[in-house]
Structures are given as C-alpha cells and as structure tokens.
Amino acid sequence: MPLIDMPDFAPAILEEFSRRNTTRVDTPVIQPAEPFLDMAGEDLRRRIFLTENERGESLCLRPEFTIPVCLRHIETATGTPKRYAYLGEVFRQRREGSNEFYQAGLEDLGDTDAATADARIVADALACLHTVLPGHAFAVTIGDQAVFEAVVAALGLPTGWQRRLVRAFGQTDVLEAIIARLAKPQPVAGLSPEVERMLEAGDDDGLAGHLRDEMERTGYLTNASRAPQEIVRRLKEKRLLAGASLDSAKLDALKEFLSINVSLRYAPGVLSDFARSAALPLEVAIAGFDARVAALRDAGASLADITWRAAFGRPLDYYTGLVFEVTARGEHDVLVGGGR
C-alpha cells in the first residue's frame, strides 16, 4: 500500500497500522539488486541506485518495500496468513523532488479469500488517508490484470503474444503499438532461403546442424551465448508471432474491453455484457471480479467513489490481479497505490 511520503504523519499512520493486526518490520537499506531487476519492471529498474560489493555482486539502495518484506517472510519461514506494516526511507531516481523519501505500507500475505483481502487493503488505504487528511474526499481507480489476462487468453492468441500484452498492461503507448501490430502480420525478414525452407518443413535437427556449421565456419560458436537448438527454438517462436494476427472482430473486442471506464457500481454488469457480446468465456474472471465488488461493498467502501478502468495498470511486473490508486477527489497526485 505505498506511497505516503509525509514523515510528519508517521505516528498517526503507524497507529492506524497497529489497529489492523499487522507486524511492524524493517529491512536493510542496502539490498541485493537481482530481485528488483528481475521482478519490479522497467519503470523501477531504470530508477534504482546500483552499486557492487567487493565480490562483484550487484547491490542497490532499497527502492521499495514489497520485495524485501516478502523475501524476509520467506527467509523466516513465517506461516500465513500474515500482515506486515512498514514505514521507512526508500531511494529512487526522480525527475522532480527528492530521490530519498518515506514510504508507508502494508503487505497482506496468504489469505485464501482473495476478494476479502483485496477489499480490505483498499479499505485500509482509505482509512489511513482519512486519518492523516481529515475532511478530504478521495477517489479510487482500480484495474485488474487477471481479467485482462483472461480476455487475452480467450481471444486465442499465441502464448508469446499473450505474454507481450500482459507485460504491457497499464502502459498505454506500448499496448496500442502491440494492438496496431496485431492488425497486420509482418513476416520475419532477413532469413536465407535455406533457413526458411527448413523452418517451413519443421526440420529442427537439420536447421540446428546448419546453424552449427555456419557458426563454426565464422568462428562464432566459441563465443555464442545460445546453442544452435536454442536459436532454432527462438526462430520458430519469432516466426509464429510474426505471422499471428487478430481478425477484425477479436481486435474490436480487445479495443472495446480496454475502453471500459465505469463506476464500480455498474462494472459487474458492464463486464458481463462485454463477455456476452464478444462471446468470450470469462466466467471464472467475472466471478472473481464480482466477489471483490461485493467484498468492497461489505467493507463499507463507497462504490460511487471507485472507478474501474479496464486498461488501468501500474508499472511493476509483480502485479497479477487487483491494482489501485487513490487520489484526492479532483486532483491527479497519487496518494496511495498498490495491488495484488
């Protein structure tokens, strides 16, 4: 549930956290860089402060708390469900403002009732904001990567294109470029006729042998980072993806889904109507979505103050379900952001 960079409010925030069955934790400021580079996504990767230790291992100043808190949970073999709270400094390169600021948050791990846990974290975010900013009205925007993944899978795209679309979720420009590309196949260029012939014939062994001969002839084999068999596999995948496209009906369905932007009061009906009109089997995703809406209502959240934008995501690769941001009503600055 990051991010509130107002240390004057720390006592009030920590008091709110203590009421919510949480364990306060801290993590070292110097962290191994690899988990962030692997899990956090490009937006965070390019803003990390990196260094090395005397053994040449990559380290970084702590850019956020979620990954180190979860690693700590794993290392201590603590059972679930478990709720952690934290408040401390994080370090990111930023165009404006300080590169060193405070982040407060909750990590809610292992609750098997995902809908209730999702609703609880949004309700907790709003309760904390009402405590530190009394008298303000807040607006919540939510997205759901799991629903987007279900739509993409139902459209029947090759797995490689599904992965690309999912990685681009929440990045409007990237997503639009991929959708434009899916409207028109683009064959792989630059392959020799012999390689094209073997790919067409499915002669993987012959193609691997041909590539090995060429690599030995050019002296490349001794320095190659990939074996001929791996190159063949990647060529086949690239060729499959290059030839893939969506027919106009499915492309229109994807665009229609991404255009959805409605009050959460109406979102369950809108999602069901979309699945029906597009003839997509989204029953499991819809059931999870509807359960979260019901849980939010039961938690006392005002559905009128929550907007579901189907294209809304957050630029961190570890999100797989709910994502949300909270702003003061009528403002654009994000006060709280998080997700599953």
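Residues numbered from 1 in each chain as written. Predicted model: local features only at pLDDT ≥ 70, side-chain atom pairs only at ≥ 80, totals over all residues. Heavy atoms only, no water.

*Asks:* Can you walk me through helix 12 (residues 248–258) in this structure?
*Replies:* Residues that lie three or four places apart on an α-helix share one face, since the helix turns once every 3.6 residues. All of the buried residues in helix 12 are Leu251, Ala253, Leu254, Phe257 and Leu258. End-on, the buried residues of helix 12 take up no more than an arc of 155°, which puts them together on one face. Set apart from the buried face of helix 12 by more than 90 degrees, the exposed residues are Ser248 and Ala249. Looking at the buried residues of helix 12, the elements they touch are helix 6 (145–154), helix 8 (172–182), helix 13 (267–278) and strand 9 (306–309). (Buried < 20%, exposed > 50% of the residue type's maximum accessible area, 1.4 Å probe, protein only. Helix = DSSP H or I, 4+ residues; strand = E, 2+ residues; numbered from the N terminus. Arc of directions from axis to C-beta. Contact = heavy atoms within 4.5 Å.)

*Asks:* What exactly am I supposed to notice about the sheet that holds strand 7 (residues 138–144) here?
*Replies:* Note: strands within a sheet are paired through backbone hydrogen bonds, in either parallel or antiparallel orientation. Within the open sheet, the five strands sit side by side as 8-9-7-10-11. Their pairing is mixed. Every other strand in the sheet has two partners, leaving strand 8 (261–263) and strand 11 (334–339) as the edge strands with one partner each. Shown here is a sheet whose adjacent strand axes are inclined to one another by a mean of 20°, direction ignored. Packed onto the sheet, helix 5 (residues 114–132) meets strand 7, strand 10 (322–328) and strand 11 and runs at close to 15° relative to strand 10. (Pairing = 2+ DSSP bridges. Axes fitted to C-alpha atoms, helices over the stretch in contact; angles between N-to-C directions.)

*Asks:* Looking at this model, I keep getting lost on the packing of helix 5 against helix 14 (residues 283–298). Mind explaining?
*Replies:* Orientation of helix 5 relative to helix 14, taken along the N-to-C sense of each, is 45°, at an axis distance of 8 Å. By the criterion of interaxial angle, the relationship of helix 5 to helix 14 is oblique. The two elements helix 5 and helix 14 meet at a crossing, and its hand is right-handed. Across from Ala115, Thr116, Asp118, Ala119 and Val122 in helix 5, the residues of helix 14 making contact are Ala291, Arg292, Ala295 and Leu296. Residue composition of the contact of helix 5 with helix 14, grouped by class: six nonpolar, one polar and two charged. (Parallel < 35°, antiparallel > 145°, perpendicular 65-115°, else oblique. Left-handed = near helix turned anticlockwise from the far one by under 90°. Nonpolar A, V, L, I, M, F, W, Y, C, P; charged D, E, K, R; others polar.)

*Asks:* I'm lost on the layout of surface pockets in this one. Help?
*Replies:* Space inside the second largest pocket adds up to approximately 650 Å³. Around the second largest pocket sit 27 residues that line it, and Thr66, Glu107, Leu109, Gly339 and Arg340 are the ones nearest its centre. At the level of secondary structure, the elements contributing two or more residues to the lining of the second largest pocket comprise helix 2 (34–39), helix 4 (66–75), strand 6 (100–109), helix 5, strand 10 and strand 11. By residue number, the principal contributor to the lining of the second largest pocket is helix 4, which donates six residues. Per-class residue counts for the lining of the second largest pocket are 16 nonpolar, six polar and five charged. (1 Å grid on protein atoms, 1.4 Å probe; cavity = no way out; pocket = protein on both sides within 12 Å on 5 of 7 lines; lining within 4 Å. Points joined across faces, edges and corners; volume = space filled by probe spheres on them.)

*Asks:* Could you clarify how one ought to interpret the nonpolar core in this entry?
*Replies:* Core analysis: the biggest nonpolar cluster contains 66 residues, and Phe148, Phe257, Leu264, Trp308 and Phe324 have the highest contact counts within it. Broken down by element, the residue count for this core peaks at nine residues, all from helix 5. Residues in contact with phenylalanine 324, not counting those within four places in the same chain, are Ile121, Val122, Ala125, Val140, Thr141, Ile142, Phe312, Arg314, Val336, Gly337, Gly338 and Gly339. Residues Ala33, Phe36, Ala40 and Leu316 belong to the second largest nonpolar core, which totals twelve residues. (Core = buried A, V, L, I, M, F, W, Y, C linked by side-chain atoms within 4.5 Å.)

*Asks:* It is not clear to me how the pattern of salt bridges should be interpreted in this structure. Could you clarify?
*Replies:* The tally for this structure, following the rule as stated, stands at 17 salt bridges. Salt-bridge contacts for glutamate 15 lead to arginine 19; the nearest nitrogen and oxygen are separated by 3.9 Å. On the accessibility criterion, glutamate 15 (41% relative accessible area) is partly exposed. Note on arginine 19: relative accessible area 53%, which makes it exposed. Look at the salt bridges and you will find they share partners, linking Glu15, Glu16, Arg19, Arg20, Arg83, Asp108, Asp111, Arg120 and Asp124 into a network. (Salt bridge = Lys/Arg side-chain N within 4 Å of Asp/Glu carboxyl O.)

*Asks:* I would appreciate a short explanation of the packing of helix 1 (residues 10–18) against helix 5 in the present structure.
*Replies:* The relative placement of two packed helices is expressed as an angle between their axes plus a distance between the axes. Running from amino to carboxyl end, helix 1 crosses helix 5 at an angle of 145°, the nearest separation of the two axes being 10 Å. The interaxial crossing formed by helix 1 with helix 5 has right-handed handedness. Where helix 1 approaches helix 5, its residues Ala12, Ile13, Glu16 and Phe17 are matched on the opposing element by Ala127, Cys128, Thr131 and Val132. Considering only residue class, the contact of helix 1 with helix 5 consists of six nonpolar, one polar and one charged.

*Asks:* Sorry if this is basic, but what is going on with the environment of phenylalanine 148 here?
*Replies:* Turning to its location among the elements, phenylalanine 148 is positioned in helix 6. You can call phenylalanine 148 buried: its relative accessible area is 0%. Remark: the alpha-carbon pair of phenylalanine 148 and cysteine 128, spanning 20 residues in sequence, is separated by 29 Å. The contacts of phenylalanine 148, once residues within four sequence positions are left out, are Leu165, Val166, Phe169, Leu175, Leu254, Phe257 and Leu258.

*Asks:* What is the right way to read unusual backbone geometry from this model?
*Replies:* The general pattern is negative phi for most residues beyond glycine and trans for most peptide bonds. Across the junction of threonine 80 and proline 81, the peptide omega takes the value 0°, indicating a cis bond. Summarising the element assignment, proline 81 is placed in the loop between helix 4 and strand 5 (82–91). Positive phi, normally seen in glycine, also occurs at alanine 77, with a value near 55°. Structurally, alanine 77 is set in the loop between helix 4 and strand 5. With relative accessibility at 66%, the residue alanine 77 sits in the exposed group. If you check the backbone angles, alanine 279 has positive phi at about 55° while not being a glycine.

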